[in-house]
Amino acid sequence: MTLQLRDVRKTYGRGVVALNGVSARFEAGSFTAVMGPSGSGKSTLLHCAAGLDRADSGEIILAGASLTGLGETALTLLRRDRVGFVFQAFNLVPSLTAAQNVALPARLAGRKPSRSELAAALAAVGLQARGEHYPSELSGGEQQRVAIARALLTRPAVLFADEPTGALDSQTSREVLTLLRKLVDDEGQTLIIITHDPVAAGYADRKVQMADGVIAC
Ligand SMILES: Nc1ncnc2c1ncn2[C@@H]1O[C@H](COP(=O)(O)OP(=O)(O)OP(=O)(O)O)[C@@H](O)[C@H]1O
């Protein structure tokens, strides 16, 4: 098992309970879609599980490490090396090429990815010929694929995606979802996405429904 949550709780200021005791298990190589109404705690769940935010209590075990007990430095390293995150807005740097965007997190961490490593990452998302292109020269779906390549460069234990197709039209969404499905089937990537779209959720092995800060089913 790659990710386990036990009775995870998170309250924001003014007593807003975002997570009210979430327990869940995510097997290695599985594709899960997290669904639920706005404000039900989906993003908070992903952010806590990915180490982007800290839960108040409970336990989160990712790739054998308990996030709860980690200090800031260890948590930063875990976030950098073991977790990939893809957002609805692709968050590419406009002044960098696709290849440079893919390389950026590694470079910020003090490591220079090799040309062949970058070429393989871009090839994995079908963009081997577009490495020298800037984001403005790429379609929305291509930009999201660059963001996916960037998230996969460290071979993360879990790839998290918060509404990865939220900014894409339905045809482009299907292409990106087919790519994500392929990463699970061919590479054994563990994948957890948030989506409001039942079509997107249909690509997953399992659907998890959140309501009022808990997993309803
Ligand atoms: N940084 C924050 N400060 C205060 N409250 C927050 C913060 N982030 C989230 N919340 C609150 O926590 C609750 C859960 O929010 P969360 O973003 O996890 O929901 P969500 O299910 O992802 O919603 P959406 O589908 O609209 O993105 C909401 O009531 C929200 O207002």
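Thresholds, definitions, all that
Residues numbered from 1 in each chain as written. Predicted model: local features only at pLDDT ≥ 70, side-chain atom pairs only at ≥ 80, totals over all residues. Helix = DSSP H or I, 4+ residues; strand = E, 2+ residues; numbered from the N terminus. Rg over C-alpha atoms; globule rule 2.2 N^0.38 Å. Buried ≥ 20, exposed ≤ 12 C-beta atoms within 10 Å, placed from the backbone. Contact = placed C-beta atoms within 7 Å. Axes fitted to C-alpha atoms, helices over the stretch in contact; angles between N-to-C directions. Parallel < 35°, antiparallel > 145°, perpendicular 65-115°, else oblique. UniProt positions renumbered as here; feature names shortened; annotations may be inferred. Core = buried A, V, L, I, M, F, W, Y, C linked by C-beta atoms within 7 Å. Near = placed C-beta within 6 Å.

**A short note on the overall build of the chain**
The helix and strand tally for the chain stands at seven helices and 10 strands. Taking 2.2 N^0.38 as the reference for a compact globule, 217 residues should give roughly 17 Å; the C-alpha atoms of the chain span a radius of gyration of 17 Å, in line with that estimate. Along the longest, intermediate and shortest principal axes, the C-alpha atoms of the chain span 45 × 40 × 35 Å. Per-residue burial for the chain yields a buried fraction of 41% across its 217 residues. Restricting the contact set of the chain to residue pairs at least 6 apart, pairs at least 24 apart contribute 70%.

**A look at the packing of helix H3 (residues 98-108) against helix H4 (residues 115-124)**
Between H3 and H4, the shortest axis-to-axis distance is 10 Å and the interhelical angle comes to 110°. By the angle between their directions, the pair H3 and H4 is classed as roughly perpendicular. In this structure, H3 uses Ala98, Ala99, Val102 and Ala103 to contact H4, whose residues at the interface are Leu118, Ala121 and Leu122.

**Thoughts on the UniProt feature "domain: ABC transporter" (unreviewed entry) in the chain**
In the numbering used here, UniProt assigns the "domain: ABC transporter" (unreviewed entry) feature to residues 3-216. Taken end to end, residues 3-216 comprises 35% helix and 26% strand; its first and last C-alpha atoms sit 19 Å apart.

**Regarding the nonpolar core**
Of all hydrophobic cores here, the largest spans 59 residues; its most connected members are Val34, Ala49, Val102, Leu122, Ala149 and Phe160. A total of six residues in this core trace back to one element, the largest contributor, which is helix H5 (residues 140-152). The residues touching Val34, leaving out its near neighbours within four places in the chain, are Lys42, Leu45, Ile192, Ile193, Ile194, Val208 and Met210.

**Some points on the site of the ligand**
Every residue near the ligand is listed here: Tyr12, Gly13, Val16, Ala18, Gly36, Ser38, Gly39, Ser40, Gly41, Lys42, Ser43 and Thr44. Mapped onto the shell around the ligand, the elements with two or more residues apiece are strand E2 (16-26) and helix H1 (42-49). Examining the composition of the shell around the ligand, we find that three residues originate from one element, H1, more than from any other.

**Some remarks on unusual backbone geometry**
One non-glycine residue, Asn91, lies in positive phi territory at about 60°. When you line up the elements, Asn91 lands in the loop between strand E6 (83-86) and H3. Even without glycine at this site, Arg155 takes up a positive phi of about 55°. Here Arg155 lies in the loop between H5 and strand E7 (158-162).

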